[in-house]
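Notes for the structure review
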Amino acid sequence: MKFTLTGVVAMDDDRAIGYRGGLPWHLAEDLRLFKRITMGHPILMGRRTHESMGRLLPGRQNIVLTRSLAYRAAEGAIVIHSLAELEHINLQDPEVMVIGGAQIYSILLSQLNKLHVSHVHGSHEADTFFPPFAGQFPHIIAEERYTEFIFRTYSR
Ligand SMILES: NC(=O)c1ccc[n+]([C@@H]2O[C@H](COP(=O)([O-])OP(=O)(O)OC[C@H]3O[C@@H](n4cnc5c(N)ncnc54)[C@H](OP(=O)(O)O)[C@@H]3O)[C@@H](O)[C@H]2O)c1
């Protein structure tokens, strides 16, 4: 099946995205937005991000990338060991949402068609960062302002 890859990420002013296996913030508004954007789409994530969520996200095919052949993901998740395996999945929708974390964003940045970013205001304690992306995604095609972040959609 032919598919496209769209990135979805929340990052702060320093491009921070994670801290100690979780998010550096708790923003209910961003979680609602994330749900709206990803619902009905396959979501592709790294093993650590899958574990940080601790459950399947309903209404979406949860696809987990790991190198471990023995890995047991949450029941119902689709485990893959290379991106080539994506080709063989019967996807619920051809727009696959790449939802992190940093390793997965870094591997796939050059293959993303579009990037949805919640720009969280300020700096936060963090140990995981999104790679520099502005040069690859110069166009802002949508923008919405929320209390604690600005949501932008970028294209190439
Ligand atoms: N702010 C946001 O929008 C956002 C979004 C997502 C995640 N996060 C945060 O980001 C952090 C997690 O990010 P992370 O970079 O540490 O981990 P990650 O990208 O979620 O997962 C990394 C794992 O993916 C697997 N992997 C990576 N490259 C692979 C490849 N080429 N082939 C097969 N498997 C591969 C490996 O799993 P194995 O070790 O099992 O082989 C690796 O350990 C957490 O703090 C999380 O909360 C933030």
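Let me sum up the structure you'll find in this document. (Residues numbered from 1 in each chain as written. Predicted model: local features only at pLDDT ≥ 70, side-chain atom pairs only at ≥ 80, totals over all residues.)

Section: the environment of Gly-54
Basically, it comes down to this: Every helix listed is a DSSP run of H or I at least four residues long, and every strand listed is a run of E at least two residues long, numbered separately from the N terminus.
Looking at the element boundaries, Gly-54 is found in the loop between helix 2 (47-53) and strand 4 (62-65). With 20 residues separating them along the chain, Gly-54 and Ala-74 place their C-alpha atoms 7.7 Å apart.

A look at the pairing of strand 9 (residues 139-145)
Looking along a regular strand, one sees the side chains alternate between the two faces of the sheet. Under the convention used in this document: Exposure classification rests on a simple neighbour count of other C-beta atoms within 10 Å of a residue's own: a residue reaching 20 or more is buried, one at 12 or fewer is exposed, and one in between is partly exposed. C-beta atoms are placed from the backbone. Following DSSP output, two strands are said to pair if at least two bridges run between them.
Of all seven residues making up strand 9, only zero are buried, and the element is barely covered by its neighbours. Bridge analysis of strand 9 against strand 10 (residues 149-155) gives six bridges, and the strand direction is antiparallel. Bridge pairing links Glu-143 to Arg-152 in strand 10. Connecting strand 9 to the next strand, strand 10, in antiparallel fashion are three residues.

Thoughts on unusual backbone geometry
Gly-100 connects to Gly-101 through a cis peptide bond whose omega is 0°. Even without being a glycine, Arg-15 presents a positive backbone phi close to 65°. Mapped onto the elements, Arg-15 comes out in the loop between strand 1 (4-11) and strand 2 (16-18). Its identity is not glycine, yet Arg-20 carries a phi of approximately 50°, on the positive side. The topology assignment puts Arg-20 in the loop between strand 2 and helix 1 (28-38). Residue classification places Arg-20 among the exposed positions, given that 11 C-beta atoms sit within 10 Å.

Some points on the sheet that holds strand 10
Heads up, the condition is: To define axes, lines are fitted to C-alpha atoms, for helices over the stretch in contact only, and angles between the resulting N-to-C directions are given on a 0 to 180 degree scale. Any residue pair is listed as a contact if its two C-beta atoms, each placed from the backbone, are within 7 Å.
Across the sheet, which stays open at both edges, the eight strands sit in the order 5-4-3-6-1-7-10-9 with mixed pairing between neighbours. Since the sheet does not close on itself, it has two edges, and those belong to strand 5 (78-80) and strand 9, each with one partner. The mean angle between the axes of side-by-side strands here comes to 25°, regardless of whether they run parallel or antiparallel. Seen against the sheet, helix 1 touches strand 1, strand 3 (43-46), strand 6 (95-98), strand 7 (114-120) and strand 10 and runs at an angle of roughly 175° to strand 1.

Re the nonpolar core
For the record, the criterion: By our criterion, buried Ala, Val, Leu, Ile, Met, Phe, Trp, Tyr and Cys residues that link up through C-beta atoms within 7 Å make up a nonpolar core.
Grouped together as the largest cluster of nonpolar side chains are 27 residues, with contacts concentrated most on Val-9, Met-11, Ile-17, Leu-44, Met-97, Val-98 and Ile-99. Those elements that place two or more of their residues in this core are strand 1, strand 2, strand 3, strand 4, strand 6, helix 3 (102-108) and strand 7. Looking at which element gives the most residues to this core, the answer is strand 1, with four residues. Not counting residues up to four positions away in its chain, the partners in contact with Ile-99 are Val-8, Thr-38, Ile-43, Leu-44, Met-45 and Thr-49.

Observations regarding the site of the ligand
The test is simple: We call a residue near a molecule or strand when its C-beta atom, built from the backbone, sits within 6 Å of it.
Gly-18, Gly-46, Thr-49, Gly-100 and Gly-101 are the nearest of the 28 residues found near the ligand. Listed by contribution, the elements that provide at least two residues to the shell around the ligand are strand 1, strand 2, strand 3, helix 2 and helix 3.

A closer look at the environment of Gly-22
Position of Gly-22 relative to the elements: it lies in the loop between strand 2 and helix 1. For Gly-22, a count of 11 C-beta atoms within 10 Å puts it in the exposed group. Taking the C-alpha atoms as reference points, Gly-22 and Thr-49, separated by 27 residues in sequence, lie 8.1 Å from one another.

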